[in-house]
Amino acid sequence: MSADPSPVSHRQKGIFPEAEAYIGVWLGRFTSLIALFGGMVLTAVMLVAVVSIIGRYARRSALPGLERLGPVPGDFEIVSMGAGIAIFCFLAWAQFNRGHITVDIFISRLSPQIKAALSVAGNLLMTVMAVILAQQVGIGLEEKRRFGETTAILQLPIWWSYAGGLAGLWSFAVVSGYTTWRSVNEMLDAGEPSGDLP
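Throughout what follows, the structure given in this document is the object of discussion. Quick caveat: nothing in here was measured; it's all calculated off a predicted structure.

Another point: the environment of arginine 145. Relative to the helices and strands, arginine 145 is located in helix 3 (residues 112-147). The partly exposed category is assigned to arginine 145, whose relative accessible area is 42%. Separated by 15 residues in sequence, arginine 145 and tryptophan 160 have C-alpha atoms that sit 8.7 Å apart.

This is how it looks when you write it as C-alpha cells:
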C-alpha cells in the first residue's frame with residue numbers, strides 16, 4: 001500500500017495540473033493510512049472470531065481444564081461493528097487507486113481520452129453517491145445517538161460503528177471528488193494512463 005507520487009506530475013494541460021499532482025500525493029498517503037487502520041480493525045475482528053470459535057470448541061470438548069473456556073461474550077456484535085468500520089475504511093483507497101471493478105471489455109478499444117471522459121462520468125457519479133451515503137449515515141448516527149441504542153450483550157453504543165463508517169464515507173467522498181478532477185485533467189491531456197497506476 002505505498003503512496004507513491006501520482007504519475008500526473010508531468011501533465012501540462014488541465015485544471016491546475018500541478019496542484020492536482022501535489023494533492024494526489026497527500027491523498028494517496030492519507031488513503032493508505034485509512035486502509036491500514038481498516039486492516040488493523042479487520043485483523044482484530046478476525047482474532048476475536050478465532051478466539052471465540054476456539055472457546056466454543058473447548059467448552060464442548062471433554063478435555064480437562066478447558067471446560068471453563070467459552071466464546072467471547074458479544075463476539076458477533078464486535079465482528080459486525082468492526083467489519084463495517086473496516087469496509088468503509090477501504091473505499092477511499094480503492095477509489096484513489098482505481099481499484100473498483102470496471103467492465104473493460106466494452107471500452108478496451110477506445111482512445112485514452114474517451115476512457116478518461118468515461119472515468120469523469122463514473123467518478124462524478126461515485127462522488128454524488130458517496131456524499132448521499134455519508135449524509136444518510138450521518139442522519140442514522142444522530143438518531144442512534146439521540147435514542148441511546150446499544151448492542152444487546154455488551155451494551156456498546158451503536159452510534160460508534162456509525163461514526164467509524166461516517167469517517168470512512170466522507171474520506172471516500174473527498175477522494176472521489178479528487179478522482180473526478182484527476183480524470184478531467186487526463187481527458188484534457190493525454191488521456192487515462194494504462195495499467196494500474198493511480
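Here the narrative resumes.
This brings us to the pattern of salt bridges. Overall, the coordinates contain 4 salt bridges when judged by the stated rule. Between arginine 98 and glutamate 186 there is a salt bridge, and its shortest N-O distance comes to 2.4 Å. Here the residue arginine 98 occupies a position in the loop between helix 2 (75-96) and helix 3, and glutamate 186 occupies one in helix 4 (residues 159-188), the gap between them amounting to 88 residues. Arginine 145 is the salt-bridge partner of glutamate 142, the closest N and O atoms lying 2.8 Å from each other. In this pair, glutamate 142 and arginine 145 are both assigned in helix 3, 3 residues apart and thus about one turn of the helix distant. By relative accessible area, glutamate 142 is classed as partly exposed at 31%.

Below, the discussion takes up the packing of helix 1 (residues 17-60) against helix 2. Following both chains from N to C, one finds helix 1 and helix 2 inclined at 155°, their axes separated by 8 Å at the closest point. One way to sum up the angle between helix 1 and helix 2 is to call them roughly antiparallel. The chirality of how helix 1 crosses helix 2 is left-handed.

Secondary-structure assignment places serine 176 in helix 4. In this structure, serine 176 is in contact with Gln95, Asn123, Met126 and Thr127, ignoring residues within four places of it in sequence.

Attention now moves to the packing of aromatic side chains. Tallying each qualifying case throughout the model produces 2 aromatic pairs. Judged by centre distance (5.9 Å) and plane angle (25°), the ring pair of phenylalanine 96 and tyrosine 178 falls under stacked. Remark: tyrosine 178 occurs in helix 4 and phenylalanine 96 occurs in helix 2; sequence separation between them is 82 residues. No difference in accessibility class separates phenylalanine 96 from tyrosine 178, as the two residues are buried. Among the aromatic residues, those joined into a cluster by ring pairs are Phe96, Tyr178 and Trp181. One Lys or Arg, arginine 29, reaches over the ring of tryptophan 26 and ends 4.6 Å from the middle of that ring. Taking the ring centre of phenylalanine 96 as reference, the NZ or CZ of arginine 182 above it sits at 5.4 Å.

Next up on the list: the packing of helix 3 against helix 4. One can describe the packing of helix 3 onto helix 4 by two numbers: an axis separation of 8 Å at closest approach and a directional angle of 160°. Considered as vectors, helix 3 and helix 4 are oriented roughly antiparallel to each other. Like other packed secondary-structure pairs, helix 3 and helix 4 cross with a definite hand, here left-handed. Tallied by class, residues from the contact of helix 3 with helix 4 come to 22 nonpolar, 12 polar and 3 charged.

Taken together, the side chains of Ile15, Phe16, Met187 and Leu188 define a hydrophobic patch exposed on the protein surface, amounting to about 380 Å² of accessible area. By the element assignment, methionine 187 lies in helix 4. Classification of methionine 187 by relative accessible area gives partly exposed; the value is 31%.

This brings us to the side chain of serine 32. Assignment of secondary structure puts serine 32 in helix 1. Relative accessible area serves as the criterion here: at 10%, serine 32 is assigned to the buried category. A polar contact of 3.0 Å, which involves the side chain of serine 32, links it to the backbone oxygen of glycine 28.

Cut-offs used in this document
Residues numbered from 1 in each chain as written. Predicted model: local features only at pLDDT ≥ 70, side-chain atom pairs only at ≥ 80, totals over all residues. Heavy atoms only, no water. Helix = DSSP H or I, 4+ residues; strand = E, 2+ residues; numbered from the N terminus. Buried < 20%, exposed > 50% of the residue type's maximum accessible area, 1.4 Å probe, protein only. Salt bridge = Lys/Arg side-chain N within 4 Å of Asp/Glu carboxyl O. Axes fitted to C-alpha atoms, helices over the stretch in contact; angles between N-to-C directions. Parallel < 35°, antiparallel > 145°, perpendicular 65-115°, else oblique. Left-handed = near helix turned anticlockwise from the far one by under 90°. Contact = heavy atoms within 4.5 Å. Phe/Tyr/Trp six-rings, centres within 6.5 Å; stacked < 30°, edge-to-face > 60°. Lys NZ or Arg CZ within 6 Å of the ring centre and 35° of its normal. Nonpolar A, V, L, I, M, F, W, Y, C, P; charged D, E, K, R; others polar. Patch = residues over 30% accessible without salt bridge, like charges linked within 9 Å, V, L, I, M, F, W, Y side chains within 5 Å. Areas by Shrake-Rupley, 256 points an atom, 1.4 Å probe, with all protein chains shown as cover. Polar contact = N/O pair within 3.5 Å; in protein donor to acceptor, adjacent residues only side chain to side chain.

Keep in mind these values describe shape, not function.
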